[in-house]
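So you can see what is in the structure, the chains are spelled out below.
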Amino acid sequence: MRTRLAIQWHALLERYFPERRLFLRSDTDTRFIRLRSGTQAIATLGIALTVGWTIVATSILLMDSISAGNFREQSRRDQTTYQQRLNELSRERDVRAAEAKAAQERFNTALAQVSEMQSQLLDSETRRRELETGIDVIQATLGTTMKQREEASTRLAALQEQIAEGGTALASAAGEGDGTLDLLSDMLARTAAERDQVVADAQDALVRADEIATELRLREEQNDIIFRQLEDAMTISVEPLDKMFKAAGMNPDSLIKQVRKGYSGQGGPLTPLTFSTRGEEPSLDAERANRILGEMDKLNLYRIAAEKAPFSVPLKDPFRFTSGFGRRWGRLHAGTDFAAPHGTPIYATADGVVTHAGWMSGYGRLVKVQHEFGIETRYAHMSKINVKVGQRVSRGQQVGAMGNTGRSTGTHLHYEVRVGGEPVNPMIYIKAANDVF
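Keep in mind that this is a model prediction, so the values were computed, not measured.

Another aspect to go through is the overall build of the chain. Regarding its fold elements, the chain presents 7 helices and 14 strands. When each of the 437 residues of the chain is scored for burial, the buried share is 31%. Counting only contacts in the chain whose residues sit at least 6 apart along the sequence, the fraction spanning at least 24 positions is 67%. Accessible surface for the chain amounts to roughly 27,700 Å². Of this, 54% is attributable to carbon and sulfur atoms.

Below, the structure written as C-alpha cells:
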C-alpha cells in the first residue's frame, strides 16, 4: 500500500515537476546538476511561502501605516480642537477678569458714596437737632414775650382806669399834682412802647418760626432722599455678596457671627444712632438710619469674610485650565490644574496662616494655608516657595512660583480647597465671585 502511494505521489511530481538536469561545461570538462522532482517541489513550496509571507507582511505594514496616519490625523484634529477650546476658555477668563475688576471698581465707588452719604446724613441729623433746639428756644421766648405782652396790656388798662377815675381830682389839684401827672404820663408812654416792642418781637418770632419750619421740612425731604439713596446702595452692595456666599455653600448668618466674634470692638461711625437722652422712643428717621447702619455693618463684615475665604484666582498672569476637579484614571483628582510658564508667580487666594511650606510626596514643593471657617488651600508642584510655616499671608500675596516638582507631567499649578479636611471643587468659590470681584 505504501509502495503504491509512493509510486502515485512520484508520478504526480513527475507530471508537474519533471526531472531536470543543469549542465555546467568548462574547457576541459562537462558536469551536470540533477534536480529531482521532490527537490523542485520543495523549492517551489519554499518560494511560494516566502512570497506569501512577503505579501502578508507588506499588507500588514501598509494597513498599520494607514491606520497610524489616520490616528495621527485624528490626534492632530483633537489637539487643534482642544487648543481652540483652551483659547476660548482663556479669552472667557480674561473677559471675566475684566468684568470682575470693573465690578470691584463699582463696589469701591458705591462704598465711597455710601460713606459720603453717611457723613451727609449725620451732618443733616445734627443740623436737624440744632433746628429743633432753636425752635424750642424760640417757642419759649415767644411764650415769655406773649406773657409779658399780656401783663403790659393789663397794667395799661389799670393805669387808664386810674387816670379816668382820678381825672377830676387831678384837675382840682393841678397845681399840686403836676409832678404826679408827668410821672403817670411817662409810665404810660413806656408801657405803650414796651407793648409795641413785645408785639414786634412776637411777630419776628413767628416769622422766624415759619422760616425754621420751612427749613426743617426741606431738611426732612433731603434726608428722605439721602435715606433712599443709602438704602438702594446697601441693597446693590449687600445682595451680590449674600448670593456669592450662598453659591459657595456657606451660610451668611454663620459667617457674620463668626467674623463678629473676632471683631467685637464697638464705636465709631457705625455705632447705632441715639438722639434722645430722656428715654423717649427713637424717631422714624433714627430707626431708618439705624437700619442703614446695620446694613453697612453687615456689608463690612461680609467684606472681611470675603477676604478670609478663597474667592480669588491663584494666578494673575495668563494661564489655561488643564484638568478639573473630579474622578480621573480611577481616582479622585482633588483640585484644579492651571498651566502657565515656568516661574509664574502664585498668590494666596485668601487671608490665612501658612501651616506647611516644603516637600511632600506626590505634591512636590507644597504650601498649605489655613483660613477661617475651616477652609484650607494647597498650592503644589511649585519651583520656589516664598513663605514659611507660621507666617500670616493676605489675599493676593505671593507664596511661590510655578514649577514641575513631584508627580507631575509638566509645568503647572495643582490648586486645592479643603473644607473640614475634605476636598471640594475650587471652581465653586471662583465662579461664585465672578459677579462680585
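Applying the stated rule across the entire model yields 6 aromatic pairs. Where phenylalanine 319 meets phenylalanine 338, the ring centres are 5.1 Å apart and the plane angle is 75 degrees; that geometry is what we call edge-to-face. Placement of phenylalanine 319 in the loop between helix H6 (284–308) and strand S3 (320–323) and of phenylalanine 338 in strand S6 (residues 336–339) is noted, with a sequence separation of 19 residues between them. The residues phenylalanine 319 and phenylalanine 338 share a single accessibility class, namely buried. Seen from their ring centres, tyrosine 379 and tyrosine 415 are 5.5 Å apart, and the 35 degrees between their planes marks the pair as tilted. Here tyrosine 379, found in strand S10 (residues 375–385), pairs with tyrosine 415, found in strand S13 (residues 413–419); they are 36 residues apart in sequence, far enough to count as distant. For tyrosine 415, a relative accessible area of 0% gives the class buried. Each residue in the set Phe319, Phe321, Phe338, Tyr379 and Tyr415 is aromatic and connected to the rest through ring pairs, giving one cluster.

Nonpolar side chains tend toward joint burial in soluble globular proteins. In terms of nonpolar packing, the biggest core is built from 37 residues, with Met250, Phe311, Ile346, Val367, Tyr379 and Leu413 touching the most fellow members. Broken down by secondary-structure element, the contributors of at least two residues to this core are helix H4 (174–247), helix H5 (252–262), H6, strand S9 (364–370), S10, strand S12 (398–402), S13 and helix H7 (426–432). Residues Ile135, Ile138, Ala205 and Leu216 belong to the second largest nonpolar core, which totals 5 residues.

Moving on, we come to the pairing of strand S2 (residues 30–35). Note: strand S1 (residues 20–25) against S2, 6 bridges, orientation antiparallel. Counted as the bridge partner of arginine 25 is threonine 30 from S2. Between S1 and the antiparallel strand that follows it, S2, lie 4 residues.

This part takes up the confidence of the model for the chain. Any residue range with low pLDDT should be treated as having predicted coordinates unsuitable for detailed reading. Scored by pLDDT, the chain has a mean of 76; 75% of the residues are at 70 or more. Counted against residues more than four places away or in other chains, residues 173–177, with its pLDDT under 50, gives 0 contacts. pLDDT under 50 marks residues 265–278. Its contacts with residues more than four places away, or in other chains, come to 17 contacts.

Regular strands have side chains that alternate between both faces of the sheet. Of all 11 residues making up S10, 8 are buried, and the element is well covered by its neighbours. With antiparallel pairing between neighbouring strands as the criterion, S9 and S10 make up a hairpin whose turn holds 4 residues, including phenylalanine 373 at a positive phi of roughly 65 degrees. The sheet contact formed by S10 and S13 spans 6 bridges and is antiparallel. When the sheet's bridge partners are listed, isoleucine 375 is paired in S13 with valine 419. The pairing of S10 with S12 spans 3 bridges and is antiparallel. Across the sheet, lysine 384 pairs through a bridge with alanine 401, a residue of S12.

The next subject is a nonpolar patch on the surface. A cluster of nonpolar side chains, namely Leu22, Leu24, Ile33 and Leu35, defines an oily patch on the protein surface of about 320 Å² accessible area. Those elements giving two or more residues to the nonpolar patch turn out to be S1 and S2. On the secondary structure map, isoleucine 33 appears in strand S2. A relative accessible area of 39% places isoleucine 33 in the partly exposed class.

This brings us to unusual backbone geometry. Residue phenylalanine 373 is not a glycine yet carries a positive backbone phi of 65 degrees. Counting through the fold element by element, phenylalanine 373 comes out in the loop between S9 and S10. For phenylalanine 373, a relative accessible area of 16% puts it in the buried group. Despite not being glycine, histidine 381 shows a phi value in the positive range, around 65 degrees. Along the chain, histidine 381 falls in strand S10. Histidine 381 sits in the buried class, given a relative accessible area of 6%.

A few words now on the pattern of salt bridges. Enumeration according to the criterion identifies 2 salt bridges in this entry. As a salt-bridge pair, arginine 378 and glutamate 376 come within 3.0 Å of each other at their nearest N and O atoms. Note that glutamate 416 and arginine 418 form a salt bridge whose closest N and O atoms lie 2.9 Å from each other. Relative accessible area serves as the criterion here: at 2%, glutamate 416 is assigned to the buried category. The exposure class assigned to arginine 418 is buried, which follows from its relative accessible area of 14%.

Bringing the side chain of aspartate 337 into the picture now. Note on placement: aspartate 337 falls in strand S6. Under the relative-accessibility criterion, aspartate 337 is labelled buried at 5%. Within the structure, aspartate 337 has its side chain in polar contact with the side chain of histidine 333 (distance 3.2 Å). Setting aside its immediate chain neighbours within four residues, aspartate 337 contacts Arg320, Phe321, Thr322, Ser323, Arg328, His412, Leu413 and His414.

What counts and how
Residues numbered from 1 in each chain as written. Predicted model: local features only at pLDDT ≥ 70, side-chain atom pairs only at ≥ 80, totals over all residues. Heavy atoms only, no water. Helix = DSSP H or I, 4+ residues; strand = E, 2+ residues; numbered from the N terminus. Buried < 20%, exposed > 50% of the residue type's maximum accessible area, 1.4 Å probe, protein only. Contact = heavy atoms within 4.5 Å. Areas by Shrake-Rupley, 256 points an atom, 1.4 Å probe, with all protein chains shown as cover. Phe/Tyr/Trp six-rings, centres within 6.5 Å; stacked < 30°, edge-to-face > 60°. Core = buried A, V, L, I, M, F, W, Y, C linked by side-chain atoms within 4.5 Å. Pairing = 2+ DSSP bridges. pLDDT = per-residue confidence, 0-100. Patch = residues over 30% accessible without salt bridge, like charges linked within 9 Å, V, L, I, M, F, W, Y side chains within 5 Å. Salt bridge = Lys/Arg side-chain N within 4 Å of Asp/Glu carboxyl O. Polar contact = N/O pair within 3.5 Å; in protein donor to acceptor, adjacent residues only side chain to side chain.

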